[in-house]
Amino acid sequence: MDYQAILETIYQQVTAIKDKGTPAAYIPELAHIDVNNFGLYLQNNTGDVYGVGEYDTKFSIQSISKALALALASSFDAVDILKRVDVEPSGHPFNQLALIEIENGIPRNPFINSGAIVIADILVSQLENPKADFLNYVRDITGDTSIAYDLNVAASEKATGHKNFAAAHLLKSFGNLHNDVDTVLDFYFHQCALHMSCVQIAKAFHLFANRGKCQVNKLRLTEQKVKRINAIMLTCGFYDEAGEFAFEVGLPGKSGVGGGIVALLPDNFVISVWAPGLNKRGNSKLGMLALEQFTTKTELSIF
Ligand code: GLN
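What you are looking at is a predicted structure, and each value in this text was computed from that prediction instead of being measured. (Residues numbered from 1 in each chain as written. Predicted model: local features only at pLDDT ≥ 70, side-chain atom pairs only at ≥ 80, totals over all residues. Heavy atoms only, no water.)

Student: Give me the lowdown on the sheet that holds strand 2 (residues 49–53), citing residues and values where you can.
Tutor: Backbone hydrogen bonds hold the strands of a sheet together, and the pairing may be parallel or antiparallel. The 5 strands lie next to each other as 2-1-8-7-6, forming an open sheet whose pairing is antiparallel. Of all the strands in the sheet, just strand 2 and strand 6 (253–255) have a single pairing partner and so form its edges. Neighbour-to-neighbour, the strand axes of this sheet turn through a mean angle of 5°, independent of strand direction. In this structure, strand 1 (residues 39–44) lies alongside strand 2, joined through 5 bridges in antiparallel fashion. (Pairing = 2+ DSSP bridges. Helix = DSSP H or I, 4+ residues; strand = E, 2+ residues; numbered from the N terminus. Axes fitted to C-alpha atoms, helices over the stretch in contact; angles between N-to-C directions.)

Shown next, in the form of structure tokens:
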């Protein structure tokens, strides 16, 4: 299959679309990103790579980081994550608060904000230097020490993240946040502010496409954990659009409000896309279309 030609065709088709969606204005630092940016990158498990557009440009990975945080939290065998976070799709926006109250402080899944904040709390408890250790984990699994947090994005979200503060306080009121709200959210905002390119994201997610075996060092996540994280990506990775993504694209994946999406076919490939204009559900509008085109043209999906 001529993957480079397929990516180039998708690039031509998708970038010609006039309505490119809108950037995530609720984080001021992300509000003015040019929606004309578009990068698409494919890394096969064989090591072959293909890319078009701005696939090497770094952007704010936002909620894509939630899968990496979950992977690191899962590596602590003493922690029973499922006692604190469920694994059901929420069917509601990523920042919805009502379910936290209705379901007594147990978030539906680790990828809506409330669930990710509980995972952040677990990491704050488990790690000696949470922000540095999490960053080192991402650098380790990619073999790339240039990966860093965008401190302006973290500060911007901290200044305006009222719904996340509300979610964290609600979780705390139900006893499902062990550390203090400011410490956990400081970690969470930095985690979301990881600044990475499509190339670096694909490298990080190779772990999930390769049964937990890292390509650059001995780091390993068990096959059972990888299977579970991939299942949560498929059912919950796109919030109230998870059904649509499974239907149109047919791969486990994770989106972020920075306009990135990563998806993977176990034992085969990781594909990452960046197009900062979002649809109404907070997922990259052109990114979703590009991935739908990719699995349609290649007939590669988990189904
Ligand atoms: N940092 C963002 C937030 O908490 C992440 C949301 C997202 O990417 N869906 O609102």
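Next comes the rest of the account.
Student: Which residues make up the pattern of salt bridges, and what values go with them?
Tutor: Evaluation of the coordinates by the stated rule reveals 9 salt bridges. Two residues, Glu223 and Arg211, come together in a salt bridge whose shortest N-O distance is 3.1 Å. With Glu223 in helix 10 (residues 223–236) and Arg211 in the loop between helix 9 (198–209) and helix 10, this pair connects stretches of sequence that are 12 residues apart. Residue classification places Glu223 among the partly exposed positions, given a relative accessible area of 39%. We note a salt bridge from Arg211 to Asp267, for which the minimum N-O separation is 2.8 Å. Of this pair, Arg211 sits in the loop between helix 9 and helix 10 while Asp267 is found in the loop between strand 7 (260–265) and strand 8 (269–274), placing the two residues 56 residues apart along the sequence. Relative accessible area serves as the criterion here: at 40%, Asp267 is assigned to the partly exposed category. Linked by salt bridges that have partners in common, Lys131, Lys158 and Asp186 make up one network. (Salt bridge = Lys/Arg side-chain N within 4 Å of Asp/Glu carboxyl O. Buried < 20%, exposed > 50% of the residue type's maximum accessible area, 1.4 Å probe, protein only.)

Student: So what's going on with the sheet that holds strand 4 (residues 148–149)? Residues and values would help.
Tutor: What the 3 strands build is an open sheet, ordered 3-5-4; its pairing is antiparallel. Two strands close off the open sheet at either side, each with one partner strand: strand 3 (59–60) and strand 4. Across 2 bridges, the pairing between strand 3 and strand 5 (residues 194–196) is antiparallel. Note that in strand 5 the partner of Phe59 across the bridge is Met196.

Student: Please give an account of the site of the ligand that cites residues and values.
Tutor: Taken together, Tyr26, Gln62, Ser63, Phe94, Asn113, Glu157, Asn164, Tyr188, Cys192, Tyr239, Gly256 and Val257 are the residues near the ligand. Within the contact set of the ligand, an oxygen atom lies 2.5 Å away from a side-chain nitrogen or oxygen of Tyr26. Taking 300 Å² as the accessible area of the ligand by itself, protein coverage stands at 100%. Of all the cavities here, the one that holds the ligand is the largest cavity. (Near = heavy atom within 4 Å. Polar contact = N/O pair within 3.5 Å; in protein donor to acceptor, adjacent residues only side chain to side chain. Areas by Shrake-Rupley, 256 points an atom, 1.4 Å probe, with all protein chains shown as cover. 1 Å grid on protein atoms, 1.4 Å probe; cavity = no way out; pocket = protein on both sides within 12 Å on 5 of 7 lines; lining within 4 Å. Sits in = over half its atoms within 2 Å of the grid points.)

Student: So what's going on with unusual backbone geometry? Which residues, and what values?
Tutor: Positive phi values are uncommon outside glycine, yet Asp267 reaches one of about 70°. For Glu299, which is not a glycine, the phi torsion comes out positive at approximately 55°.

Student: Account for the nonpolar core, with residues named and values stated.
Tutor: Judged by nonpolar contacts, the single largest core of 66 residues is most densely connected at Leu68, Ile117, Phe134, Leu194, Phe205 and Phe208. A total of 9 residues in this core trace back to one element, the largest contributor, which is helix 9. Those residues in contact with Phe205 that sit more than four places away from it in its chain are Ile64, Ala67, Leu68, Met233, Val262, Leu264 and Val270. Counting 27 residues, the second-largest nonpolar core is a separate cluster that includes Phe245, Leu251, Met288 and Ala290. (Core = buried A, V, L, I, M, F, W, Y, C linked by side-chain atoms within 4.5 Å. Contact = heavy atoms within 4.5 Å.)

Student: Which residues make up the packing of aromatic side chains, and what values do they have?
Tutor: Applying the stated criterion across every chain yields a total of 13 aromatic pairs. Members of the aromatic cluster, joined through ring pairs, are Tyr3, Tyr50, Phe269 and Phe294. (Phe/Tyr/Trp six-rings, centres within 6.5 Å; stacked < 30°, edge-to-face > 60°.)

Student: Describe empty space enclosed by the protein, with residues and values.
Tutor: Counted by the stated rule, this structure contains 2 cavities of 30 Å³ or more. The calculated volume of the largest cavity comes to roughly 60 Å³. What lines the largest cavity is Tyr26, Gln62, Ser63, Lys66, Phe94, Asn113, Glu157, Tyr188, Cys192, Tyr239 and Val257. Of the residues that constitute the lining of the largest cavity, the class distribution is 6 nonpolar, 3 polar and 2 charged. Reported here for the second largest cavity is a volume of approximately 30 Å³. Taken together, Ser90, His92, Pro93, Gln96, Leu99, Ile100, Ile112 and Ser114 make up the lining of the second largest cavity. When the residues that make up the lining of the second largest cavity are grouped by side-chain class, the tally is 4 nonpolar, 4 polar and no charged. (Points joined across faces, edges and corners; volume = space filled by probe spheres on them. Nonpolar A, V, L, I, M, F, W, Y, C, P; charged D, E, K, R; others polar.)

Function cannot be read off these values alone, since they describe shape.
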